[in-house]
Amino acid sequence: MTPTATPRRYLMCRPTHFAVTYRINPWMDPTAPYDNALAVSQWENLRQTFLDLGHTVELIEPLPGLPDMVFAANGATVVDGKVLAVQFRDAERADEAPAYAAWFRESGFDVFAPKHTNEGEGDILLAGEVLLAGTGFRTAHAAHAETQEVFGRPVITLQLVDPAYYHLDTALCVLDEKNIAYLPSAFSPGSQAVLRRLFPDAVIATAADAEVLGLNAVSDGRTVVLPVQATGLNAALRAAGYSTVGVDVSELRKAGGGPKCCTLEVRTRD
Ligand code: ARG
């Protein structure tokens, strides 16, 4: 089967105020140097990559004092034109939630307010008909039931066990309606068994791929945009029939984010 692309609508946030000033995941070192201008140019290149692939990119205004707002994937979960707003675990990111919810309300979407901690597409990923949902570090298990009620789609709970892979989208990438790529060791034994059962033909990433946040990739069903440093995963995806585009977002990795973290998919009702 030749993979086919479908045009996507993405929401992104320019890293105007990007910085590493606190530590809420093991990648972040507030004492290490970072280069805001480089972060912006790497992000611009990611945005241009999506435009070149024929996708639509919308922008939300970055707010001062919210250095992680560039990670738009954490702003909401949007499926079938319905929006589940987010509630962050950490106070440092709390004010991003109303900003993203307001953007969706102003854009004409129905927005559901969450009762439990959920960090949007960081932990909740649409895979064909079902939603895969991570828990263990950020999104609360109770949020999975809430997600199922809002979207009326089955939610599969996956237990994350490695603090380096604290969001589901750092350990697993949805490639198309039927397949995923993932790092088995980021999941509990039971969740690994679930993934093997659901996706027997999955692309298995290596530790070296995951260490450069290679799984934090964005697929349109045919082309996978992934960190250029993830050379092994790149080859494995090509062998599986996908096209790939490598992008360098090394500055954003200093906050624990990659291409997918910067990208929120806006799925309208067809
Ligand atoms: N510094 C951010 C945090 O720890 C990075 C978020 C990355 N986003 C993602 N979707 N994985 O919350």
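Figured I'd write up the structure that's included with this text. Everything numeric here is computed off the predicted structure, so don't read it as measured data. (Residues numbered from 1 in each chain as written. Predicted model: local features only at pLDDT ≥ 70, side-chain atom pairs only at ≥ 80, totals over all residues. Heavy atoms only, no water.)

**Focus: helix α1 (residues 36-52)**
Think of an α-helix as turning once every 3.6 residues; residues three or four places apart then point the same way. What counts is decided by this rule: Only DSSP runs of H or I with at least four residues qualify as helices, and only runs of E with at least two residues qualify as strands; both kinds are numbered from the N terminus onward. A helix is expected to span 1.5 Å multiplied by its residue count minus one. The classification of residues rests on relative accessible area computed with a 1.4 Å probe and restricted to protein chains. Under 20% of the type maximum is buried, over 50% is exposed, and intermediate values are partly exposed. The directions considered for the arc run from the helix axis to the C-beta atoms. Every residue pair with non-hydrogen atoms within 4.5 Å of one another is taken to be in contact. The term polar contact refers here to a pair of N or O atoms within 3.5 Å; inside protein, the definition further demands a hydrogen-donor-capable atom paired with an acceptor-capable atom, and it admits residues adjacent in sequence only when both atoms are side-chain atoms.
Across its 17 residues, α1 extends 24 Å between first and last C-alpha, which sits within 8% of the 24 Å expected from 1.5 Å per residue. Taken residue by residue, α1 has A39, Q42, W43, L46, T49 and F50 as its buried positions. Buried residues of α1 fall within an arc of 110° about the axis and therefore sit on the same side. Facing away from the buried side of α1 by more than 90 degrees, the exposed set consists of A37 and D52. For α1, the elements touching its buried residues are β1 (9-12), β2 (56-59), β12 (218-219), β13 (223-227), β14 (243-247) and α7 (250-253). Its side-chain oxygen 3.1 Å from the backbone nitrogen of A37, D35 forms the N-cap of α1. Just beyond α1, the residue with positive phi is G54, at close to 95°.

**Digging into the nonpolar core**
Basically, it comes down to this: Only buried residues count toward a nonpolar core, which is a set of Ala, Val, Leu, Ile, Met, Phe, Trp, Tyr and Cys residues joined through side-chain atoms within 4.5 Å.
Formed by 34 residues in total, the largest nonpolar core has its most connected members in L172, I180, F187 and L233. For this core, the secondary-structure elements that each account for two or more residues are β6 (124-127), β9 (172-174), β10 (180-182), β13 and α6 (231-239). The next biggest cluster of nonpolar side chains, apart from the first, holds 22 residues, and it includes F71, V247, V249 and A255.

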